[in-house]
Amino acid sequence: MAPLRTVIAGGGRVGKRTAELLDERGHDLVVIENDAETVAELSDEYFATVIEGDATRPSVLSQARLDRANVVAALTARTGTNLAICMAANHLEPAVETVMRTERSVGDEYDGLVDGVIFPETAGARAAANAIERDVRTLQAVTGTLDMMEITVADQAPVAGKSLTDVALPRGSLVVSAADGHRIAGSETVLEPGHTYIVAVESDVSDEVMNLMRGL
Amino acid sequence: MGHKQRKPAAELGLLDATMIGMGAMIGAGIFVLTGLAAEIAGPAAILVFTLNGAVTAFTGLSYAELASAVPKSGGGYAFARETFDDVVSFMMGWMLWFAYMIAGALYALGFAPNFLELLHVYGFVPPLDAVGAIALPVVSATVPAKAGLAFIAVLCLVALNAVSTAASGSVETVFTIVKIAILLVFVAFGFLSATGGGETSFTFQNFDPLFPGDDSAFSILPALGLTFIAFEGYDLITTITEEVENPRENIPKAIFASLGATVVIYVLVVVVAIGTLGAPGLAEAGEAGIARAATSFMPADIPIIQNGGAVIVFGAVFSTMTALNAVVIASSRVAFSMGREGQLIQSIGQLHHRFGTPFVAILTSAVVMLGSVVLPTKSAGNMSSLFFLLSFIIVNGAVIKLRRERPNMNRPYEMPYYPVPPLLGILLNLVLTGVLITYLLQTDQLALLLTGGWILLGGIAYYALEWARSSDSETPSSEDTIDQPGVETGVTSKEGGN
């Protein structure tokens, strides 16, 4: 499959980190950001084309080339702004998928309007709880730049159908579970297309791992 | 755990990036093309390289602006992909890919005579002109020595790059510094020979008249076209932008530094070569021109290496070899990017499951390179230059289109005096393209035919892929996107969502 082209509106803490993660996974990114200082920070990172301006304005939004985008993610701090961006994006390009960030947990309220809703504070709160009660941790809190990912091997991927003995993954990556997570992976484990594997990946090699397992 | 692991690619600094650009520009171009330029333009070859440097400087500004704004490896193709529609960006990639592959053949063809010259200096083989053909006992046939050696050189580097990522990256820096050092030795000894009073001592009389015979200043134009390829280097820099640290500052700097340094070194070397050997003598030696000039004036009584000229000949062999390596990598990267973008068949855009290299992209590029080593050196130079000229026109166009359509796009490096540089870039590149095509019509129709053939083949490939894709999507496939709710369906990070 080809890389996803994602337009992220709002390059603050959430938007920037999201862009970074998607870039490491080999996708194409455009970030729209209004604040000049944040724009400078983003362009130093060099993982996305940056458009400086107010994403709620169609003249700015359309400069992100929505006709070629797969997803528009509105990740600014305000629910109303994000909803407006998603609505404008859908109006300009009906085929594009939209994801919005909300200020509080909203349930299914926006389901008909956007394709996805995220409330990042939940993840933040979980991390805080993990830090307070140290004996029980969810995975995300023990990992630094190491990512634990569930990756479905794509049909056309280079490693599809090959056993781990035949495959050389880059140093800094490790297949942890065999198909669908019932066993620990061994050298005889075969990477079946369509099956899901848990893989530990250091962030600097995740684009290579994505190319090999997802074929992008 | 049973599986083997590889080392990921290293980060490149400003010096590395500059050297990658200079490595390609100084490498083969100077050794291979100087003689050919002298043949067309006589002593005015010095003007040829200076003017080409000036013409490409405008395109250099465009590359710098785009590279700072579009954070993607893939060189000119990545910029065209971001800016233009499918057809234009496909043709851009298609042409750039070919330009690099033909450049590979050109460098391999430059490698061969210099390698023979090196063997000759140490008395292993008779002088260059006497080596007509080498016998191949295996296939019991003879092939021309030059094409045969060029073929072997390409084969070796393709094999190396197909199974290992070690040949790319920062090794290039050391190689390029060695090349530059060797050329500076050449320049120093060349000027020193002015006091020697020998037959091939440096003298400014060799520059008079600057324009040979009854030719006017316009006679140098075809030489401009032919040697244009010498300045391809900054496209090469932008094929690796994502591996460079602090790229938005370092890439523009690397582009300008490599261009400036390259022009200076070119002019110095050409001045020495013409000043010692004279333009006719240089022209006669062809691809081995610099090497021949060096053997004529370098001291011949150095211990171990005996002939000082051998150092320069070695430099030529080494340079053409490393430049060949660079374009093997560059051509496969362009093809790899196109494959990833879905503009070539998918497997070209994928890494090999064991070697971690863009295996299919390298092999595909190798086929064209190996096929092209039978071409005359000049045809290879002309075709490669032509395709670089055409792609540079598109890159300049991309700057203008992006400025008009996406004024709010963040451009960490903005070129001065916009829109003058890209417009001048387009104009001058068009003039050179016109001159080159006219020249080819008169002297080298084969090159022109192959050029047209490749563009036609590109058109067919584009529509064949379009057709294959549309008939593919009619049969409902299990592939993801659009109607599924998750943003990225195949990958779930174990962080938990909301």
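Refer to the structure printed above.
Residues numbered from 1 in each chain as written. Chains lettered and ligands numbered in written order. Predicted model: local features only at pLDDT ≥ 70, side-chain atom pairs only at ≥ 80, totals over all residues. Heavy atoms only, no water.

Peer 1: Whenever I open this one, the overall build of chain B confuses me. Can you help?
Peer 2: For chain B, the helix and strand inventory stands at 16 helices and four strands. Counting all 498 residues of chain B, 58% fall into the buried class. For chain B, the proportion of contacts with a sequence separation of at least 24, taken over those separated by at least 6, is 81%. Looking at chain B as shown, the accessible area adds up to about 18800 Å², and 68% of this sits on carbon and sulfur atoms. (Helix = DSSP H or I, 4+ residues; strand = E, 2+ residues; numbered from the N terminus. Buried < 20%, exposed > 50% of the residue type's maximum accessible area, 1.4 Å probe, protein only. Contact = heavy atoms within 4.5 Å. Areas by Shrake-Rupley, 256 points an atom, 1.4 Å probe, with all protein chains shown as cover.)

Peer 1: Explain the pairing of strand β1 (residues 5-9) of chain A to me, please; I cannot follow it from the model alone.
Peer 2: Working note: regular strand, side chains alternate between the two faces of the sheet. Residue and element names in this part refer to chain A. Here β1 lies mainly inside the structure; five of its five residues are buried. The alternating pattern of β1 places R5, V7 and A9 on one face and T6 and I8 on the opposite face, and all of these are buried. Of the strand pairs in this sheet, β1 and strand β2 (residues 28-33) are connected by five bridges, and their pairing is parallel. Across the sheet, the residue bridging to V7 is V30, located in β2. Handedness of the crossover joining β1 and β2 through helix α1 (residues 13-24) is recorded here as right-handed. The pairing of β1 with strand β4 (residues 71-74) spans four bridges and is classified as parallel. Residue pairing in the sheet places T6 in a bridge with V71 of β4. (Pairing = 2+ DSSP bridges. Right-handed = clockwise from strand over helix to strand, strands pointing away.)

Peer 1: Would you mind going over the nonpolar core with me for this structure?
Peer 2: The nonpolar side chains of a soluble globular protein tend to be buried, and buried together. Counting 172 residues, the largest nonpolar core has M213 of chain A together with F186 and L324 of chain B as its most contacted members. Broken down by element, the residue count for this core peaks at 21 residues, all from helix α4 (residues 86-121) of chain B. Among the nonpolar cores identified, the runner-up in size contains 23 residues, and A69, C86, Y110 and V117 of chain A belong to it. (Core = buried A, V, L, I, M, F, W, Y, C linked by side-chain atoms within 4.5 Å.)

Peer 1: Just checking my understanding: could you explain the pattern of salt bridges for this structure?
Peer 2: What the rule picks out here adds up to 20 salt bridges over all chains. Note that E20 of chain A and R17 of chain A form a salt bridge whose closest N and O atoms lie 3.3 Å from each other. Pair noted here: E20 of chain A and R17 of chain A are both in helix α1, with a separation of three residues, about one helical turn. E414 of chain B is the salt-bridge partner of R403 of chain B, the closest N and O atoms lying 3.6 Å from each other. In this pair, R403 of chain B sits in helix α14 (residues 377-405) while E414 of chain B sits in the loop between α14 and α15 (420-443), placing the two residues 11 residues apart along the sequence. (Salt bridge = Lys/Arg side-chain N within 4 Å of Asp/Glu carboxyl O.)

Peer 1: Help me understand the sheet that holds β1 of chain A in this model?
Peer 2: In any sheet, the strands associate via hydrogen bonds between backbone groups, in a parallel or an antiparallel arrangement. Residue and element names in this part refer to chain A. Read from one edge to the other, the open sheet built from six strands follows the order β3-β2-β1-β4-β5-β6, with strand pairing classed as parallel. Single-partner strands in this sheet number two, and they are β3 (49-52) and β6 (116-118). This sheet shows a mean twist of 20° between the axes of neighbouring strands, independent of strand direction. (Axes fitted to C-alpha atoms, helices over the stretch in contact; angles between N-to-C directions.)

Peer 1: What's the story with the environment of R68 of chain A in this structure? I'm lost.
Peer 2: Turning to its location among the elements, R68 of chain A is positioned in the loop between α3 (58-61) and β4. Note: C-alpha distance between R68 of chain A and E93 of chain A (25 residues apart in sequence) is 9.3 Å. Discounting chain neighbours no more than four positions away, the residues touching R68 of chain A are R5 of chain A together with R81, E82, F84, D85 and D86 of chain B. From its side chain, R68 of chain A meets the backbone oxygen of F84 of chain B in a polar contact 2.7 Å long. (Polar contact = N/O pair within 3.5 Å; in protein donor to acceptor, adjacent residues only side chain to side chain.)

Peer 1: Would you mind showing me how to read α1 of chain A here?
Peer 2: One turn of an α-helix holds 3.6 residues; hence residues three or four places apart share an orientation. Residues and elements named next belong to chain A. The end-to-end C-alpha separation of α1 is 17 Å, in line with the 16 Å expected for 12 residues at 1.5 Å each. Every buried residue belonging to α1 is among G15, A19, L21, L22 and E24, and all of these are buried. In the core, the buried residues of α1 are packed alongside β1, β2, β7 (146-152) and α7 (206-214). Positive backbone phi, approximately 90°, marks G26, located one or two places after α1. (Expected span 1.5 Å × (residues − 1).)

Peer 1: I tried to follow the side chain of S372 of chain B on my own but got confused; where do I start?
Peer 2: By the element assignment, S372 of chain B lies in helix α13 (residues 359-372). Ignoring sequence-local partners within four residues, the contact set of S372 of chain B consists of I102, A105 and L109 of chain B.

Peer 1: Can you walk me through α15 of chain B in this structure?
Peer 2: If you check α15 of chain B, its first and last C-alpha atoms are 34 Å apart, about what 24 residues at 1.5 Å a residue would give, namely 34 Å. Buried within α15 of chain B we find P421, P422, G425, I426, N429, L432, T433, V435, L436, Y439 and L440 of chain B.

Peer 1: What exactly am I supposed to notice about the pairing of strand β5 (residues 97-101) of chain A here?
Peer 2: All names here are of chain A. Counting buried positions over the five residues of β5 gives five, a clear majority of the element. Because side chains alternate across β5, one face comprises the buried residues E97, V99 and R101, and the other comprises T98 and M100, equally buried. Pairing geometry for β4 and β5, over four bridges, is parallel. What sits directly across from A74, in β5, is M100. Regarding the hand of the β-α-β motif, the stretch spanning β4, helix α4 (residues 79-92) and β5 is right-handed. Pairing analysis gives three bridges linking β5 to β6, with the strands arranged parallel. Each residue of the ladder has a partner; that of M100, found in β6, is V117.

Peer 1: I keep staring at the packing of helix α2 (residues 45-69) of chain B against helix α9 (residues 247-277) of chain B and nothing clicks. Help me out?
Peer 2: Each pair of packed helices can be described by the angle between their axes along with the distance between the axes. All names here are of chain B. The interhelical angle for the contact between α2 and α9, taken along N-to-C directions, is 175°, at an axis separation of 9 Å. Taken together, the axes of α2 and α9 are roughly antiparallel relative to one another. For the contact of α2 with α9, a count of residues per class yields 19 nonpolar, five polar and one charged. (Parallel < 35°, antiparallel > 145°, perpendicular 65-115°, else oblique. Nonpolar A, V, L, I, M, F, W, Y, C, P; charged D, E, K, R; others polar.)

Peer 1: Just checking my understanding: could you explain the packing of α2 of chain B against α15 of chain B for this structure?
Peer 2: All names here are of chain B. In the contact formed by α2 and α15, the axes pass within 8 Å of each other and the chain directions differ by 135°. It follows from the interaxial angle that α2 and α15 lie oblique. The hand of the α2/α15 crossing is left-handed. In contact with N52, V55, F58, T59, L61 and S62 of α2, α15 contributes P421, P422, L424, G425, L428, N429 and L432. A class-by-class count of the residues in the contact of α2 with α15 yields eight nonpolar, five polar and no charged. (Left-handed = near helix turned anticlockwise from the far one by under 90°.)

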